[in-house]
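For reference, the chains in residue letters:
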Amino acid sequence: MTQMLNNRYCPGCGAKLQVDDPNGSGYIPPNALARAVEKQHHSVYCSRCFKLRHYNEISPASLTDDDFLELLNDVAASDALVIYVLDALDLYGSTINGLQRFVGKNPVLVTVNKIDLLPKSFNSRKLENYIKKRVKEQGINAIDVAFVSASKNRGIDELMASIENARKGRDVYVVGVANVGKSTIINGILGAVGEDKKRITTSYYPGTTLGRIAIPLDDGASIIDTPGIIQKHQLSSFLDPSDLKYIMPKKELRPITYQLNKGQTLFIGGVARLDYEGPKRGSVTCYLPNQLLIHRTRTSRADAFYKKHVGGILQPPKKSEPLPLKQHTYTVKEASDVVYSGLGWITINQPSQISAWAVAKNDIIIRPALFGQDQGVKSE
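Residues numbered from 1 in each chain as written. Predicted model: local features only at pLDDT ≥ 70, side-chain atom pairs only at ≥ 80, totals over all residues. Heavy atoms only, no water.

**A look at unusual backbone geometry**
For clarity, the cut-off: Where helices and strands are cited, they refer to DSSP runs of H or I of at least four residues and of E of at least two residues respectively, numbered from the N terminus. For every residue, the accessible area (1.4 Å probe, protein chains only) is compared with the maximum for its type, and the residue is labelled buried under 20%, exposed over 50%, or partly exposed between those bounds.
Omega for the bond connecting Gly278 with Pro279 falls within 30 degrees of zero, at 10°, which places this linkage in the cis form. Among the structural elements, Pro279 can be located in the loop between β9 (272-278) and β10 (281-287). In this model, Gln315 is joined to Pro316 through a cis peptide bond whose omega is -5°. The backbone of Lys114 sits at a positive phi, close to 75°, despite the residue not being glycine. With respect to the element layout, Lys114 can be found in the loop between β2 (108-113) and α6 (124-137). For Lys114, a relative accessible area of 17% translates into the label buried. One non-glycine residue with positive phi stands out, namely Asn153, at about 60°.

Below you can see the structure in the form of structure tokens.
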């Protein structure tokens, strides 16, 4: 049976196929392998990818952080173009710290995915300048910044032109954290050049790609999809897979502005909270997944409200067991975004004193406001 595998790899996640460990990556039931060989199928998917593609079920993967780092080390040793994919809705959470040592001297084309989910106040020039500043702080001099929506096939042709102009016959490595849409971008490129049969597994579950997936190009080079590094400070790292649908937007964000009095609190599901502590009255604009419910209450009642309703009207989490929230206090001196890694952001529209609460290890950062204030005001 093992001889049938002949060093074959799953085209969906890149894991080496095996029949010995049902809990390991790349596992395929022996009878499924035998049927595939009998029917001379060239593409044989592991059990994990088969379930994901056909039933949207996810199984845990056994790839470790060391496995990820070993795979990325190959990039610096290669003469290649690097496509660094960022999530337009989570620029901080999708940043790979220390990426410079992995890419070496290779040119880097920054690609910002999921722009179809940004609100209409999206200003590409302002966002591009912010991203260039961020990657420069990482020690990376990007040759360009491309904006795409892989799921809507927007910007793919322009991205392909940039890739061809920059790669000069070399391999192309696509790198990014889990769930930024690397595989979807590659599938968009393959679809544009008529290679749909080579599509790779995609989903909103982190860690779908488990190993390198090399897709040959006509000139002998390859596009190489690498595993997504799972950021342990992102909210998805703390949620049950069944709760991920609450924090993964599928449609354009609909910003909502709240007029808040001093001593009022907004709960974002059961995973985040914002206390408005002054001045007497101000406004905040929420840029959060549309399916995520926001509830307002008095700060003096907030702890009791959370204890009573978490797992009920405050979802996620769906389970009654709450995720402990940690308080971070900020003095905001200008219009700023309070960013919850892997969730979204709330713009504080004026100088204010606030407390932002998040799951204990879920990062919060403050950045200059990147979007204008939108309509959809809710008063007290």
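The discussion continues.
**Description of the side chain of Asp337**
The test is simple: Here a polar contact is recorded for every N or O atom pair within 3.5 Å, except that within protein the pair must consist of a potential hydrogen donor and a potential acceptor, and residues adjacent in sequence are included only if both atoms are side-chain atoms. Residue contacts are defined here by distance: any two heavy atoms, one from each residue, within 4.5 Å place the two residues in contact.
Along the chain, Asp337 falls in strand β13 (residues 336-340). One polar contact links Asp337 to Thr347, side chain to side chain, over a distance of 2.6 Å. The contacts of Asp337, once residues within four sequence positions are left out, are Trp345, Ile346, Thr347, Ile365, Ile366, Arg367, Pro368, Ala369 and Leu370.

**What about the pattern of salt bridges?**
Applied cut-off: Should a side-chain nitrogen of Lys or Arg be within 4 Å of a carboxyl oxygen of Asp or Glu, the pair is scored as a salt bridge.
As enumerated under the stated definition, the model contains eleven salt bridges in all. Of the charged contacts, one joins Arg367 and Asp337 as a salt bridge, the two residues approaching to 3.0 Å between their closest N and O atoms. Note that Arg367 is positioned in strand β16 (residues 364-368) and Asp337 in strand β13, a separation of 30 residues in sequence. The buried category is assigned to Arg367, whose relative accessible area is 6%.

**Section: the packing of aromatic side chains**
What counts is decided by this rule: Between 30 and 60 degrees the pair is tilted, below 30 it is stacked and above 60 it is edge-to-face, where a pair is any two Phe, Tyr or Trp rings, Trp via its six-membered ring, whose centres lie within 6.5 Å. The criterion is that NZ of a Lys, or CZ of an Arg, lies within 6 Å of the ring centre and within 35 degrees of the ring normal, and then a charge sits over that ring.
In the structure shown here, the tally under the stated rule is five aromatic pairs. Ring centres of Phe267 and Phe305 lie 5.7 Å apart, and the angle between their planes is 25°; on these two criteria the pair is classed as stacked. Within this pair, whereas Phe267 is found in strand β8 (residues 264-268), its partner Phe305 is found in helix α9 (residues 302-309), the two being separated by 38 residues in sequence. Taking the relative accessible area as the measure of exposure, Phe267 reaches 0% and is therefore buried. On the numbers, 5.8 Å between centres and 15° between planes, the contact of Phe267 with Tyr306 is stacked. In this pair, Phe267 is assigned in strand β8 and Tyr306 in helix α9, connecting sequence segments 39 residues apart. For the residue pair Phe267 and Tyr306, the accessibility class agrees, reading buried in each case. Joined through ring pairs, the aromatic side chains of Phe267, Phe305 and Tyr306 make up one cluster. Geometry around Trp357 places Arg273 over its ring, the cationic atom sitting 4.1 Å from the centre. Between Arg367 and the ring centre of Trp345, over which it is positioned, the NZ or CZ distance is 4.9 Å.

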